[in-house]
Amino acid sequence: MSKFNRILLTGAAGALGKVLRVGLAPLATHLRLSDVQPLGDADDNEELVPADLADFDAVMDLCKDVDMVAHFGGKAVEGTSKEVFSSNITGGYNIYEACRRNGVKRVVFASSNHSIGYYKRTERIDDQVPHRPDTLYGVSKAFTEDLASFYWDKFGLETVSLRIGSCFPEPKDRRMLATWMSHRDLVQLVSRSLAAPYVGFHAVYGVSDNTEQFWDTSSARLIGYRPEDNAEVYREKVEAATSPQELDDPALIYAGGMYTAFPHYDDEQT
Ligand code: 15L
């Protein structure tokens with residue numbers, strides 16, 4: 001796979017960021033790592049640049065002399081409107097605008113299945129369906145996907161948008177038997193997204209080769225992704241540890257699972 005001069009990884013101290021810090025190292029001469037959380041000590045090929053994504057000047061500095069960005073920073077779960085908008089919407093805008101001004105070629109964006117969470121698990125959806133976000137968090141991911149599409153059409157800045165299912169060491173519940181992506185498959189998907197010769201604006205579903213699947217994953221195959229893991233090997237363990245859900249439970253009906261049943265988080269603040 002081609003070697004880049006410099007890749008920026010945002011969210012490098014997060015759960016997936018830590019996996020990619022190791023997994024992407026062979027792809028770049030310099031791996032620039034950023035987060036608001038501590039990043040530890042720098043390895044030989046690493047540059048540590050702490051930054052708040054809501055601070056445009058800091059993000060401008062972050063994106064200088066970078067070939068491509070793996071944007072995994074921001075809030076990774078539902079939150080209050082203030083939290084989600086500042087880290088994911090302002091933060092997403094700052095990344096795209098700083099990439100444009102710095103001439104960055106491509107962003108690999110950690111979107112989420114929650115941008116389309118209100119489709120039912122019985123509907124076979126592909127990457128072309130309209131967004132149906134299930135939370136403010138999902139709305140922020142849908143917003144950044146639209147922003148990415150705009151930056152491609154108007155300014156020629158490419159994006160692969162990864163609608164990640166559930167990326168954990170192992171599936172934790174019955175839904176994740178369909179939505180799970182292993183860490184090994186994550187590294188492959190991000191590597192392929194960085195290395196593909198042409199992507200324009202391209203959305204893909206980030207899941208392993210699970211026997212049970214909610215989404216049409218063919219757009220990921222177009223960029224060479226061939227997942228190696230399958231959640232099925234965990235089925236017995238997961239089913240023994242969890243009870244089946246009621247048939248009218250939204251967490252069972254919709255692909256977004258329990259996120260579709262979350263309240264508005266601002267209500268808890270008042
Ligand atoms: C996500 O987008 C979250 O980041 C992750 O924590 C999981 O909740 C995942 O979705 C999921 O849908 O399982």
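The structure we're discussing is the one just above.
**Structural notes on the site of the ligand**
- In the vicinity of the ligand, the contacting residues are Ala76, Val77, Ser112, Asn113, His114, Tyr137, Gly165, Ser166, Phe168, Arg175, Met176 and Tyr259.
- Tyr259 is positioned with one of its side-chain polar atoms (N or O) 2.9 Å from an oxygen atom of the ligand.
- Surface burial for the ligand is 82%, taken as the share of its 320 Å² of free accessible area covered by protein chains.
- Partitioned by chemical class, the residues of the shell around the ligand number six nonpolar, five polar and one charged.

**Here's the deal with the packing of helix α3 (residues 81–102) against helix α4 (residues 136–155)**
- The interhelical angle for the contact between α3 and α4, taken along N-to-C directions, is 15°, at an axis separation of 9 Å. Considering their axes alone, α3 and α4 lie roughly parallel with respect to each other. Crossing of α3 over α4 shows right-handed handedness. Touching Ser81, Val84, Phe85, Asn88, Ile89, Gly92, Tyr93, Tyr96, Glu97 and Arg100 of α3 are Leu136, Tyr137, Ser140, Lys141, Phe143, Thr144, Leu147, Ala148, Tyr151 and Phe155, all from α4.

**Description of α4**
- Here α4 contains 20 residues, and its C-alpha end-to-end distance of 27 Å stays within 8% of the 28 Å for a straight helix at 1.5 Å per residue.
- Buried residues of α4: Leu136, Tyr137, Gly138, Ser140, Lys141, Ala142, Thr144, Glu145, Leu147, Ala148 and Tyr151, and no others.
- Considering only its buried residues, α4 is in contact with α3, β5 (106–112), β6 (158–164) and β9 (201–206).
- Gly156, located one to two residues past α4, shows a positive phi value of around 70°.

**Thoughts on the pairing of strand β4 (residues 68–71)**
- Along β4, one buried face is formed by Met68 and Ala70 and the opposite face, lined by Val69 and His71, is buried too.
- Relative to β4, strand β1 (residues 4–10) runs parallel, the two being bridged by four bridges. Bridging from a neighbouring strand, Leu8 pairs with Val69 of β4.
- Relative to β5, β4 runs parallel, the two being bridged by four bridges. Bridging across to β5, His71 finds its partner in Phe109.
- Once the chain exits β4 it traverses α3 before rejoining the sheet at β5, and the crossover so formed is right-handed.

**Considerations on the sheet that holds β4**
- A sheet is described by the order of its strands in space; here seven strands give the open sequence β3-β2-β1-β4-β5-β6-β9, paired in parallel fashion. Each of the sheet's edge strands pairs with one partner strand only, and the pair in question is β3 (46–48) and β9. Strand-to-strand twist of the sheet, defined as the mean angle between neighbouring strand axes without regard to direction, takes the value 20°.
- Across three bridges, strand β2 (residues 28–34) lies against β3 in parallel orientation. Within β3, the residue paired with Leu33 across the bridge is Leu48.
- α4 rests against β5, β6 and β9 of the sheet, and its axis sits at about 155° to β5.
- Contacts from helix α6 (residues 183–195) reach β1, β4, β5, β6 and β9 within the one sheet, and its direction differs from that of β5 by about 145°.

So, how was this worked out
Residues numbered from 1 in each chain as written. Predicted model: local features only at pLDDT ≥ 70, side-chain atom pairs only at ≥ 80, totals over all residues. Heavy atoms only, no water. Near = heavy atom within 4 Å. Polar contact = N/O pair within 3.5 Å; in protein donor to acceptor, adjacent residues only side chain to side chain. Areas by Shrake-Rupley, 256 points an atom, 1.4 Å probe, with all protein chains shown as cover. Nonpolar A, V, L, I, M, F, W, Y, C, P; charged D, E, K, R; others polar. Axes fitted to C-alpha atoms, helices over the stretch in contact; angles between N-to-C directions. Helix = DSSP H or I, 4+ residues; strand = E, 2+ residues; numbered from the N terminus. Parallel < 35°, antiparallel > 145°, perpendicular 65-115°, else oblique. Left-handed = near helix turned anticlockwise from the far one by under 90°. Contact = heavy atoms within 4.5 Å. Expected span 1.5 Å × (residues − 1). Buried < 20%, exposed > 50% of the residue type's maximum accessible area, 1.4 Å probe, protein only. Pairing = 2+ DSSP bridges. Right-handed = clockwise from strand over helix to strand, strands pointing away.

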